[in-house]
Every structure is written in structure tokens, then in C-alpha cells.
Amino acid sequence: QVQLVESGGGLVQAGGSLRLSCAASGRTFSNYAMGWFRQAPGKERDIVAAINSNGGSTYYGDSVKGRFTISRDNVQNTVYLQMNSLKAEDTAVYYCAAGRKVQVFWGGYDYWGQGTQVTVSS
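Residues numbered from 1 in each chain as written. Predicted model: local features only at pLDDT ≥ 70, side-chain atom pairs only at ≥ 80, totals over all residues. Heavy atoms only, no water.

Asker: For the nonpolar core, give the residues involved together with the corresponding values.
Answerer: Within the largest apolar cluster, 30 residues are counted, with the highest numbers of intra-cluster contacts made by Leu 4, Met 34, Trp 36, Leu 81, Met 83 and Tyr 94. Setting aside anything within four residues of it in sequence, one finds Leu 4 in contact with Cys 22, Ala 23, Ala 24, Met 34, Cys 96, Ala 97, Ala 98, Tyr 111, Trp 112, Gly 113 and Gln 114. (Core = buried A, V, L, I, M, F, W, Y, C linked by side-chain atoms within 4.5 Å. Buried < 20%, exposed > 50% of the residue type's maximum accessible area, 1.4 Å probe, protein only. Contact = heavy atoms within 4.5 Å.)

In C-alpha cells:
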């Protein structure tokens, strides 16, 4: 089992920045690829970004490329999502997830956090 706890969400004005954190405990964090997903009301859960187990490879959804950065610290067992130039359409609940490899589809991840709300006011 891997337990994941997100933090760092909140309310921010458009153009602002937030940094989300996801702290992991349980099994060896460095064995897992990590992903950030988001889900807005009435919409599907979509990939935001993902990073492989050693941090050497990343993936970004088209809508966040150039604005968001995913990173991880395998000593602190934490994955981060730096979000810059936020837009109203970034408003959603953000979830972190752990899986065996980087995948775009949410179903490919084994463990999930409880989510953190990000609200961007325009």
C-alpha cells in the first residue's frame, strides 16, 4: 500500500501561481511513477502531468505545457506540481496518483490521494 496526501490547493487569481505537494508513505516511493490528475465538476478525470520513478522523464497534458512543472524528491518521498500562469479553466480538484509506470489514463494508477481543490478566479 502507498498512502498519498495532497496539500497546497486554494484560491488564487488568474495569472497567479500555486505549488501542490503530495507526500507519500508506505511502500518504496522511488519504485513508483507519479501522476497529477484533475477533475472539474461534470468532467472526466484528466492527466495534468506525470513523472517516472527516478524523475528523469516527464509528461504534460497539452493544456498545461509551458505553465506547470512536475518534480519529485525521492528522499522526502514527495512529488510536486508547480503551477504558474493559472487560468480559470484550471479550476478543479487535483489528485496525485502512484503507479508502476507513467500512463496518461487514470485507470493505470494503483494508489490515489484524496484530492485538493484549486480554484482560479478570473
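Having seen the model, we can carry on.
Asker: Explain the environment of Phe 29 to me, using residue names and the numbers behind them.
Answerer: Assignment of secondary structure puts Phe 29 in the loop between strand 3 (18-26) and strand 4 (33-39). Separated by 51 residues in sequence, Phe 29 and Tyr 80 place their C-alpha atoms 13 Å apart. In this structure, Phe 29 is in contact with Ala 24, Met 34, Arg 72, Asp 73, Asn 74, Asn 77, Thr 78 and Val 79, ignoring residues within four places of it in sequence. (Helix = DSSP H or I, 4+ residues; strand = E, 2+ residues; numbered from the N terminus.)

Asker: Before we move on, can you summarise the environment of Ser 53 with the specific residues and values?
Answerer: As for its placement among the helices and strands, Ser 53 is situated in the loop between strand 5 (46-51) and strand 6 (58-60). When the C-alpha positions of Ser 53 and Asn 31 are compared, they lie 5.7 Å apart, and in sequence the two are 22 residues distant. Once residues lying within four places of it in the same chain are set aside, the contact partners of Ser 53 are Ser 30, Asn 31, Tyr 32, Ala 33, Arg 72 and Asn 74.

Asker: With reference to specific residues and values, describe the sheet that holds strand 7 (residues 68-73).
Answerer: In any sheet, the strands associate via hydrogen bonds between backbone groups, in a parallel or an antiparallel arrangement. Read across the sheet, four strands follow the order 1-3-8-7 without closing on themselves; strand pairing throughout is antiparallel. Edge positions in the open sheet fall to strand 1 (2-7) and strand 7, since each of these has one partner strand only. The mean inter-strand angle of the sheet, taken between neighbouring strand axes irrespective of direction, is 15°. (Pairing = 2+ DSSP bridges. Axes fitted to C-alpha atoms, helices over the stretch in contact; angles between N-to-C directions.)

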